[in-house]
Amino acid sequence: MMRLDKTLILSTAYKEWEKLLEKNSKKHPKYTNTKIRKEIYLDIVMNLFYLQKGLCAYTEQLLCDEKFYKKENWEKGKYKCPKPEFEGQLEHFDESLKSKNKDKEGIKDWLWSNFFMIHSDINTKVKGRKSIEKDANGDYIIKPDMPDYNEFELLEYDINKNIFRANRNLLKEKRDKIDIMIKVLGLNYGTLSKKRKETISRHQNYIKFNKYSWKTIPFGEFSTAIKMYKLTR
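From a predicted model like this one, the values you see are computed outputs, not experimental measurements.

Caption draft 1: Structural view of the overall build of the protein chain. Across its full length, the protein chain holds eight helices and six strands. When the helices and strands of the protein chain are read in sequence order from the N terminus, they spell out α-α-α-β-β-β-β-α-α-β-β-α-α-α. The C-alpha atoms of the protein chain give a radius of gyration of 19 Å, which matches the 17 Å a tight globule of 233 residues would have. In terms of its C-alpha atoms, the protein chain occupies a principal-axis envelope of roughly 55 × 45 × 30 Å.

So, in C-alpha cells, the structure goes:
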C-alpha cells in the first residue's frame, strides 16, 4: 500500500466546495444525494485515480487506464470526459464519518481526506463498515495519505508467501493494530498473493532476458510488493 499525496488537486471546483463546508463547520449533504453525486462524483473518482495512478489504493490492483485520468481530461476544475471506463468503488476510509440511511442529514460524507478508490470486492466483501484502528492519540494507525505514512517502516513483505504483514521491528502493540488493519483493508485478500507471485515472476523473466533491470521495472500493479521484493535481491 503505497504512500499517496492527496494535495494534488485537479478537481478544484469540488475541492473549493468541500473546503468551504469544512471551514464553516457545516454538515455535508448525504452521500446518497442524487443531485450532488451527479455534480461531483466523477470529479472525485478521477482525481483519485490520477493520484493513485489507476491502482486500488489498498491492494494496488489496476482499476483504470491512464488515458482516462490524464490531466488533459480536466477543464476549469471539472473532469470533462463523460464516460470514463474504470473498475472499483469510491470508498470512505472511516465509515463513522459517513451518514447512514436512517440519518436525516449528512456528516462528512464528501470529505476529500476520507476518500480512496478501491477494488469493488475489497469494499463490499472485506472492509464494509469495519472500524478503523487508531493509536493512543486518536490518530489512524495506518492510512496511505497520512503525512507520516511510510510503507517501508510500517509494513514488510513475506517473499515466500507473497503477503504483507506488520514490520517486525515495531512494538508489539502497534504491530497487532497494523495486522488488524491489513485484514480490514484486504491487503492479502483472496488470490492477491497468487497474483503478486505471478507478477513478480513475470518481471523476473523480463529481467532474465534483459528487457529491463530491477532498477528500471516500469510502474504498474503491486508496486509496493515489487519494491519490497527488490530489497531482497
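Caption draft 2: Molecular detail of the nonpolar core. If you look at the biggest cluster of nonpolar residues, it comprises 62 residues, and the most contacted ones within it are I44, M46, Y58, L90, I142, L155 and I178. Sorting elements by how many residues they give to this core places helix α2 (residues 34–52) first, with nine residues.

Caption draft 3: Seen up close, the side chain of D158. With respect to the helices, strands and loops of the structure, D158 is situated in strand β5 (residues 155–158). Classification of D158 by relative accessible area gives buried; the value is 10%. Side-chain polar atoms of D158 contact the side chain of R165, separated by 3.1 Å.

Caption draft 4: Region of the structure containing helix α7 (residues 192–208). Its 17 residues place the ends of α7 24 Å apart at the C-alpha level, agreeing with the 24 Å of an ideal helix rising 1.5 Å per residue. Of the surrounding elements, those touching the buried residues of α7 are β5, β6 (163–166) and α8 (223–230).

Caption draft 5: Representation of the packing of aromatic side chains. Under the definition given, this model contains 14 aromatic pairs. Judged by centre distance (6.4 Å) and plane angle (65°), the rings of Y50 and W74 are edge-to-face. Highlighted residues: Y50 in helix α2 and W74 in strand β1 (residues 74–75), separated in sequence by 24 residues. For Y50, a relative accessible area of 22% corresponds to the partly exposed category.

Caption draft 6: Spotlight on the side chain of K30. Take K30: it is sitting in the loop between α1 (12–23) and α2. One buried charged residue, K30, forms no salt bridge at all, with the nearest opposite charge on D103 at 5.9 Å. Residues contacting K30, with those up to four places away along its chain left out, are S99, K100, N101, D103, K104, E105, G106, D109 and W110.

Caption draft 7: Quick peek at the pattern of salt bridges. Following the criterion strictly, the structure yields 14 salt bridges and no others. The residue K143 makes a salt bridge to D145 at a minimum N-O spacing of 2.7 Å. Among the residues examined, K143 registers a relative accessible area of 5% and is labelled buried. A single network of salt bridges, built from pairs that share partners, joins E156, D158, R165 and R168.

Caption draft 8: Geometry of the environment of E18. Mapped onto the elements of the fold, E18 is located in helix α1. On the basis of relative accessibility, which here comes to 4%, the residue E18 falls in the buried class. Taking the C-alpha atoms as reference, E18 lies 24 Å from F86; in sequence the two are 68 residues apart. Not counting the four nearest positions on each side in its chain, E18 is found in contact with H28, W110, L111 and W112. In this structure the side chain of E18 is engaged in a polar contact, spanning 3.0 Å, whose partner is the backbone nitrogen of W112.

What counts and how
- Residues numbered from 1 in each chain as written.
- Predicted model: local features only at pLDDT ≥ 70, side-chain atom pairs only at ≥ 80, totals over all residues.
- Heavy atoms only, no water.
- Helix = DSSP H or I, 4+ residues; strand = E, 2+ residues; numbered from the N terminus.
- Rg over C-alpha atoms; globule rule 2.2 N^0.38 Å.
- Core = buried A, V, L, I, M, F, W, Y, C linked by side-chain atoms within 4.5 Å.
- Buried < 20%, exposed > 50% of the residue type's maximum accessible area, 1.4 Å probe, protein only.
- Polar contact = N/O pair within 3.5 Å; in protein donor to acceptor, adjacent residues only side chain to side chain.
- Expected span 1.5 Å × (residues − 1).
- Contact = heavy atoms within 4.5 Å.
- Phe/Tyr/Trp six-rings, centres within 6.5 Å; stacked < 30°, edge-to-face > 60°.
- Lys, Arg positive; Asp, Glu negative; His and termini not counted.
- Salt bridge = Lys/Arg side-chain N within 4 Å of Asp/Glu carboxyl O.

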